[in-house]
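# Observations on chain architecture
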Amino acid sequence: MPYFNDVSVGDALPDLKKQATTAQLVMYAGASNDYNQIHYDAEVAARAGHKSVIIHGALKNAWLAQLVTDWIGTTGTLAKISVTYRGIDYPNDPITCKGKVTGKRSDEGRNLVDCEIWLENGEGNVTTPGTATVELPTR
């Protein structure tokens, strides 16, 4: 777990590797109430021009939130997260969630750290960029 005092602009967050399966997408559809067939029906996905069913955008958002919360541990707080969906990701392809510290500040007694976060597909293309702000304790 990082402390505010020890974090510097440019620090990398530890990578988080993911690889969704179609079974996971079906379970996520049920848990999130997102039953768009493009996420679990290969024929529907093919008619939409995709090579396979596609990973839910909100699941990719959750993975990026996990990247940040794994890094800050139980004493940090995820204050804000925002992502945009810029590319399609497919099950069984390797996905890497990455991030870096872009700023830090104290605001009304809160020690805040800003991060750039993103999801890369197996080809190294960024498909889901975003930002996060966390509150960290001091030593």
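See the structure shown above.
As the structure is a prediction and not an experimental result, all values here were calculated from the model.

For the rest of this paragraph, the subject is the overall build of the chain. Per the secondary structure count, the chain includes 3 helices and 5 strands. Reading the chain from its N end, one meets helices and strands in the order β-α-α-α-β-β-β-β. Expressed as lengths along the three principal axes of its C-alpha atoms, the size of the chain is roughly 55 × 30 × 20 Å. Looking at the chain alone, contacts between residues at least 24 apart form 68% of all its contacts between residues at least 6 apart. Summed over its atoms, the accessible surface of the chain is roughly 7,400 Å², and 46% of this surface lies on carbon and sulfur atoms.

Positive phi, close to 65°, is recorded for Asn33, a residue that is not glycine. You can see Asn33 is positioned in the loop between α1 (22–32) and α2 (42–47). Residue classification places Asn33 among the exposed positions, given a relative accessible area of 59%. Within the chain, Asn92 stands out as a residue other than glycine whose phi angle is a positive 75°. Checked against the element boundaries, Asn92 lands in the loop between β2 (77–83) and β3 (95–107).

So, about the sheet that holds strand β5 (residues 126–135). Paired through their backbone hydrogen bonds, the strands of a sheet run either parallel or antiparallel. Within the open sheet, the 5 strands sit side by side as β1-β3-β4-β5-β2. Their pairing is antiparallel. Strand pairing shows two members of the sheet lacking a second neighbour, β1 (16–18) and β2, which therefore form its edges. Going across the sheet, the axis of each strand differs from the next one's by a mean of 25°, ignoring polarity. Both β2 and β5 contribute to a ladder of 6 bridges, which runs antiparallel. Looking across to β5, one finds that Leu78 is bridged to Val134. Of the strands in this sheet, β1, β2, β3, β4 (110–120) and β5 are in contact with helix α3 (residues 57–72), which crosses β2 at around 150°.

Right, let's get into the packing of α1 against α3. Orientation of α1 relative to α3, taken along the N-to-C sense of each, is 95°, at an axis distance of 10 Å. In this view, α1 runs roughly perpendicular relative to α3, as classed from their interaxial angle. Only Ala58, Leu59 and Trp63 of α3 make contact with α1, whose side of the interface consists of Gln24, Leu25 and Tyr28. Within the contact of α1 with α3, the residues separate by chemical class into 5 nonpolar, 1 polar and no charged.

On to the nonpolar core. With 31 residues, the main nonpolar core has Trp63, Trp71, Val113, Ile117 and Leu136 as its most contacted residues. Looking at this core, the element that brings in the most residues is α3, giving 7 residues.

What counts as what
- Residues numbered from 1 in each chain as written.
- Predicted model: local features only at pLDDT ≥ 70, side-chain atom pairs only at ≥ 80, totals over all residues.
- Heavy atoms only, no water.
- Helix = DSSP H or I, 4+ residues; strand = E, 2+ residues; numbered from the N terminus.
- Contact = heavy atoms within 4.5 Å.
- Areas by Shrake-Rupley, 256 points an atom, 1.4 Å probe, with all protein chains shown as cover.
- Buried < 20%, exposed > 50% of the residue type's maximum accessible area, 1.4 Å probe, protein only.
- Pairing = 2+ DSSP bridges.
- Axes fitted to C-alpha atoms, helices over the stretch in contact; angles between N-to-C directions.
- Parallel < 35°, antiparallel > 145°, perpendicular 65-115°, else oblique.
- Nonpolar A, V, L, I, M, F, W, Y, C, P; charged D, E, K, R; others polar.
- Core = buried A, V, L, I, M, F, W, Y, C linked by side-chain atoms within 4.5 Å.

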